[in-house]
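One-letter residues, chain by chain:
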Amino acid sequence: MLERKSIGILFDRVRWEEKELGRQLEIRGLSYDMIDAKSQVLPLDGSPLLSLPQTILGRCVSFYRGLNLASVFEAHGIDTINSSKILDVCGNKLLTSQILARNGVPTPKTVVAFSSESAMQAIERVGFPCVMKPIVGSWGRQVVPIRDRETAEALIEMREQLNDSMQTIFYFQEMIKRPPRDIRCIAVGEEIVAAVYRYSSAENWKTNVALGGHSEPCKVTPELEETILKTVNVIGHGVLGVDLMENPESGLVVHEVNGTVEFKGAQSATDYSIAGRIIDYVTSKRSKLESPRETVKAHTD
Amino acid sequence: METKCLECDASVHVQDDAVVGEIVTCPDCGADYEVAALNNGTVTIKLAESVKEDWGE
């Protein structure tokens, strides 16, 4: 019988980040499994899945795949980082914005609407210019600035014609008059392990590294630290990528929280290994899980 | 390691330290492949999934 590994990395596409996480496990002398999400066939009865590791670090590029697998793993008693609850909130911008706003985390004003007829009213509530985003999606896809009514009407009509019910959930956010950069913070538990500015490229107003943006180190100020702490305490402790903008009028605002954070860009502006810090967090959680079980065993003996 | 593109038959190079699940791209036609298996210096590839609307961080 094969030995059950204590840690696994769940993937559906191995990128630089997943290889780096594996390397950091190897450096620490820890054996681990690479688990291909696409090949999983799982019962839903909650019986122990002994062929899978006891702790799984979710790294799926597909939000729905990662979320549903986390839910199944949790039901089978596997410690999953991030939890399905965190993934659910972070993968849906509507839920993220709602939780941030309701819990006093500074975030841009956001209004949602659920039909093309009511979308224009939502835009008017936010005001021009604003930004339209899909509630599910990443890498800056379908994120569009709207500066006037004509453009708004055209975009709403286009979304309506896509014949996809997700496209008729409209999410509009105030456009922050930020400098040509935002801040990406990688938080593990309550700790900020990396903070970088992400500058947009000359060709694109968006700052996503996937779209050609580049990273530079960002100093962790008390305001940044406080905002991140507030954010992770309302979203949940795990491995998070928190994106913030500098609002010249009000200070830092959190506009997105990523549940499966990519950190290749942030690593280029950081001296120590971000993957190493993530692995240290995962293994420390693992140790905490093991301790109570040993205590229970001692009592029953 | 070398393998053949399933679309255009060009030679596709796979790094020696590649792992299962990694993506390689055909230099000729641009098709994306996922490393499906590694066995004693030989590599098996399959067509990679295309980007879906829920992909990202």
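Structure shown above.
Considerations on the pairing of strand S10 (residues 191-199) of chain A
Residues and elements named next belong to chain A.
Logical step 1: Note: strand S9 (residues 181-188) against S10, eight bridges, orientation antiparallel. When the bridges of S10 are listed, Ala187 appears paired with Ile192.
Logical step 2: Hairpin connection of S9 to S10: two residues between the antiparallel strands, including Gly189 at a positive phi of 60 degrees.
Logical step 3: Pairing of S10 with strand S11 (residues 214-217), which is carried by four bridges, proceeds in the antiparallel orientation. Bridge assignment links Val196 to a residue of S11, and that residue is Pro217.

What about unusual backbone geometry?
Residue and element names in this part refer to chain A.
Logical step 1: Of note, the bond from Ile81 into Asn82 is cis; its omega dihedral lies within 30 degrees of zero at 0 degrees.
Logical step 2: By secondary structure assignment, the location of Asn82 is in the loop between strand S4 (79-81) and helix H3 (84-90).
Logical step 3: A cis amide bond links Phe128 to the next residue, Pro129, at an omega of -5 degrees.
Logical step 4: Take Pro129: it is sitting in the loop between helix H5 (116-126) and strand S6 (130-133).
Logical step 5: Phi is positive for Gln142, close to 60 degrees, though the residue is something other than glycine.
Logical step 6: Within the fold, Gln142 resides in the loop between S6 and strand S7 (144-146).
Logical step 7: Taking the number of C-beta atoms within 10 Å as the measure of exposure, Gln142 has 14 and is therefore partly exposed.

Considering the environment of Ala10(B)
All names here are of chain B.
Logical step 1: With respect to the helices and strands, Ala10 occurs in the loop between strand S1 (2-4) and strand S2 (11-13).
Logical step 2: Ala10 gets classed as exposed once you count the C-beta atoms within 10 Å, which come to 12.
Logical step 3: Spatially, the C-alpha atom of Ala10 lies 17 Å from that of Thr42, the residues being 32 residues apart in sequence.
Logical step 4: In this structure, Ala10 is in contact with Cys5, Cys26, Pro27, Asp28 and Cys29, ignoring residues within four places of it in sequence.

Quick notes on the sheet that holds S10(A)
Residue and element names in this part refer to chain A.
Logical step 1: Read from one edge of the open sheet, five strands run S11-S10-S9-S12-S13, paired in antiparallel fashion. Each edge of the open sheet is held by one strand with a lone partner, namely S11 and strand S13 (251-258). Along the sheet, successive strands turn relative to each other by an average axial angle of 35 degrees, direction set aside.
Logical step 2: Set on the sheet, helix H7 (residues 222-235) makes contact with S9, S10, strand S12 (239-247) and S13; between it and S13 the angle comes to about 35 degrees.

Scoring rules and cut-offs
Residues numbered from 1 in each chain as written. Chains lettered and ligands numbered in written order. Predicted model: local features only at pLDDT ≥ 70, side-chain atom pairs only at ≥ 80, totals over all residues. Pairing = 2+ DSSP bridges. Helix = DSSP H or I, 4+ residues; strand = E, 2+ residues; numbered from the N terminus. Buried ≥ 20, exposed ≤ 12 C-beta atoms within 10 Å, placed from the backbone. Contact = placed C-beta atoms within 7 Å. Axes fitted to C-alpha atoms, helices over the stretch in contact; angles between N-to-C directions.

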